[in-house]
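Fold and geometry: a report
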Amino acid sequence: MPAVAEFFVVKRLLSWSIAVYADPDLIPFEPPAKPLGLRWLPTLWRNYIETIPRAAYEGGVVRIQRRASDVLLVCDPALIGEILVEKADAFGRDAATRRAFAPMIGDNSLFLAEGAEWRWQRRAVAAMFRHDALLSFVPLFAAAAGRQVERWRAAGKAPVDAAAAMTRTTFDIIVEAMLGGTASLDADAYSRALAISFATIPWHLVYTVFALPAWMPYPGRRRAVRARLFLQQDISRLVEARRGVTSAQGDLLDLLLAARDPESGRTMTDDEVMKNLVTFITAGHETTSVALTWTLWLLAKDRATQQRVHDEVAAVAGAGAIGATQIEGLSFCRQVIQEAMRLFPPAAAISRLAKVPMTLGDIQIGVGARVHIPIYALHRNDKLWPAPNAFDPDRFAPERAKTYSRYAYLPFGGGPRICIGASFAMLEATVILASLIRAFRFEAVPGHRPKPVARLTLRPQGGMPLIVTPR
Ligand code: HEM
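Residues numbered from 1 in each chain as written. Predicted model: local features only at pLDDT ≥ 70, side-chain atom pairs only at ≥ 80, totals over all residues. Heavy atoms only, no water.

All right, on to the site of the ligand then. Taken together, the neighbourhood of the ligand is formed by 27 residues, with R93, W118, R122, R352 and C419 sitting nearest. Between the ligand and R93 there is a distance of 2.5 Å, counted from an oxygen atom to a side-chain nitrogen or oxygen. In this structure, an oxygen atom belonging to the ligand sits 2.9 Å away from a side-chain N or O atom of R352. Counting only elements with at least two residues in the shell around the ligand, the list comes to α5 (115-126), α8 (162-179), α13 (270-283), α14 (286-301), β5 (350-354) and α20 (422-439). In terms of residue class, the shell around the ligand is built from 18 nonpolar, five polar and four charged. (Near = heavy atom within 4 Å. Polar contact = N/O pair within 3.5 Å; in protein donor to acceptor, adjacent residues only side chain to side chain. Helix = DSSP H or I, 4+ residues; strand = E, 2+ residues; numbered from the N terminus. Nonpolar A, V, L, I, M, F, W, Y, C, P; charged D, E, K, R; others polar.)

Bringing the nonpolar core into the picture now. W152, M178, L296, F424 and F442 are the most contacted members of the largest nonpolar core, which totals 129 residues. Setting aside its immediate chain neighbours within four residues, F442 contacts W152, L296, A300, R303, Q306, L436, I437, L466, I467 and V468. With 20 residues, the next largest nonpolar core counts L72, I80, L84 and A369 among its residues. (Core = buried A, V, L, I, M, F, W, Y, C linked by side-chain atoms within 4.5 Å. Buried < 20%, exposed > 50% of the residue type's maximum accessible area, 1.4 Å probe, protein only. Contact = heavy atoms within 4.5 Å.)

With that settled, the discussion passes to the sheet that holds strand β12 (residues 465-470). The strand order across the open sheet built from three strands is β4-β12-β9, with neighbouring strands paired in antiparallel fashion. In this open sheet, the two edge strands, each paired with only one partner strand, are β4 (160-161) and β9 (440-444). Bridging between β9 and β12 involves five bridges; their strand directions are antiparallel. Following the sheet pairing, E443 is matched in β12 by I467. Set on the sheet, helix α7 (residues 138-155) makes contact with β4, β9 and β12; between it and β9 the angle comes to about 65°. (Pairing = 2+ DSSP bridges. Axes fitted to C-alpha atoms, helices over the stretch in contact; angles between N-to-C directions.)

Moving on, we get to the sheet that holds strand β1 (residues 61-65). Strand order in the open sheet made by the five strands is β1-β2-β8-β5-β3, with mixed pairing throughout. Where the open sheet ends on each side, the last strands, each with one partner, are β1 and β3 (91-92). Here strand β2 (residues 70-74) pairs with strand β8 (residues 370-373) via three bridges, running parallel. In the strand pairing of β8, V71 is matched with R370. Sheet strands touched by helix α3 (residues 77-86): β1, β2, β3, β5 and β8. Its angle to β8, the strand with the most contacts, is close to 120°.

As a further point, take the side chain of Q121. Turning to its location among the elements, Q121 is positioned in helix α5. With relative accessibility at 4%, the residue Q121 sits in the buried group. Excluding its chain neighbours within four sequence positions, the residues that come into contact with Q121 are N108, S109, L110, A113, M268 and N276.

Moving on: the confidence of the model for the protein chain. Overall, the prediction assigns the protein chain a mean pLDDT of 90, with 94% of residues at 70 or greater. Every residue in residues 13-20 scores below 50 in pLDDT, and together they form six contacts with partners more than four places removed in sequence or on other chains. (pLDDT = per-residue confidence, 0-100.)

The next point concerns the packing of aromatic side chains. All chains considered together, the criterion is met by 26 aromatic pairs. By way of ring pairs, the aromatic residues F129, F137, F141, F280 and F424 are connected into one cluster. We note R93 situated over the ring of F111; from NZ or CZ to the ring centre the distance is 4.0 Å. (Phe/Tyr/Trp six-rings, centres within 6.5 Å; stacked < 30°, edge-to-face > 60°. Lys NZ or Arg CZ within 6 Å of the ring centre and 35° of its normal.)

Further remarks concern the pattern of salt bridges. Opposite charge on two side chains makes pairing possible when the charged atoms of those side chains draw close. Here the structure, examined in full by the defined rule, presents 25 salt bridges. One continuous salt-bridge network, built from bridges that share partners, spans D23, D25, K301 and R449. (Salt bridge = Lys/Arg side-chain N within 4 Å of Asp/Glu carboxyl O.)

Let us now look at the packing of α7 against α20. Across the interface, α7 lies against α20 with an axial gap of 9 Å and an inter-helix angle of 35°. Relative to α20, the crossing made by α7 is right-handed. Contacts between α7 and α20 pair V138, F141, A142, A145, Q148, V149, W152 and R153 from the former with F424, L427, E428, V431, I432, S435, L436 and A439 from the latter. Considered class by class, the residues forming the contact of α7 with α20 number 12 nonpolar, two polar and two charged. (Left-handed = near helix turned anticlockwise from the far one by under 90°.)

With 18 residues, α7 should cover 26 Å at 1.5 Å per step; its first-to-last C-alpha distance of 26 Å lies within 8% of that length. Those residues of α7 lying buried are V138, L140, F141, A144, A145, Q148, V149 and W152. Just past α7, the residue G156 takes up positive phi, approximately 85°. (Expected span 1.5 Å × (residues − 1).)

Axis angle and axis distance: for two packed helices, these are the angle between their axes and the distance between the axes, and together they describe the pair. Two elements in contact, α8 and helix α9 (residues 187-198), have axes separated by 10 Å at closest approach and are oriented at 110°. In terms of orientation, α8 lies roughly perpendicular with respect to α9. Contacts between α8 and α9 involve T167, R168, F171 and D172 from the former and A187, Y190 and S191 from the latter. (Parallel < 35°, antiparallel > 145°, perpendicular 65-115°, else oblique.)

With that out of the way, let us pick up the side chain of Q306. Checked against the element boundaries, Q306 lands in helix α15 (residues 303-317). Here Q306 falls in the buried class, since its relative accessible area comes to 1%. A polar contact of 2.8 Å, which involves the side chain of Q306, links it to the backbone nitrogen of F442.

Below you can see the structure in the form of structure tokens.
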């Protein structure tokens, strides 16, 4: 048999064997065979990803027309490139995203701003996310990971909740990186307030479908308003305190306070600075925490891969500090995190609203058309990913990673609005993962099958119990 044919036969056999051994736990639910009828709204309220029909896992474009809503699910990488890159200016944030987030982060902070308002804010904070600036955060990542190692060492043998622990660790990091060491925020109170506030997201999704006004009551609304005010007032206090002093911290708060729009010359008000800080704190910790939580669970179930991660960390860092010079060598750690985010993308979908009429591929769309990119389904499309439900970090080995279509893998989105914190998050997650795997063996709790639920991020419902044993 010619070598090329042999290669393809071996490759196919390999992907079948991976498919055969794909762990059923990695297929948390069967997608509906066709768009849901009456069950659609309650399912949307409970868990967005369970509304995505099977056809969306097969590529192309799926149009879902209902009396109350008309959405295009775009699952074709070429068309996704058109939306996120080539025609990026023709799309804006959709109404549901705006409605869910604006009360907390303001209508005009980096995440929700559009056009020139978005551009100058993005430029203003870019310095913080350049490669050399990011490497200077590595000691901070390692120190926070080290504190988590100590907490787990002290915890004894009972299963720990890895989801809560990762939230705590990534929260400590984001606060210190964004606000400097001087800020003392109560991590537990913040996490609670964010959870209360974002627990109302399903109501915003459903109310947007029916175009109900913003004042419409829903359960938990008053608690959510109180939680929001607590966060906003606390951060405002920090902004006010910093306004009066010349600081050389070089953190995000400094950049925001000094930012000036080159076109209009305008600067940010304290309220705008505060809302951008809340944006970064919110966008910058739960996403990374969720990525790490699923990574630890996947490794807990796959002892051989866990051992490979451990061996890599031992070879690269030994028992010493994990610093900026070790990062390059932790390539398998990065692959594992990338693969975990393929199976469980922390942001399960990206939504857009068409601002002008246009053609997308050969489809005509009008002003106000709603477009969803269901990342969760895209990442499990078997035409794009061999054995899509299997955990196989080697698919992100440099040679293989090159073979995938650019817009088949979108944990951080793409185009001009790609996650500004993508490299920050990858660096942070790599340092935390390496530190934890070096210190502990992770095992799944027998019989526990975590269920991913899409709210703010794709979290395991009820947390993630894991058995953690010191090495
Ligand atoms: C694993 C971790 C993370 C994931 C999966 C993630 C995912 C995403 C995605 C998918 C978007 C684009 C949304 C869209 O196009 O509609 C986004 C935007 C954003 N992310 Fe992240 N993110 C992560 C970590 C972070 C971190 C650490 C920060 C801050 C330090 C951050 C700050 C932001 C901001 C400010 C935006 C809005 C950017 C803009 O619109 O210009 N994210 N993120």
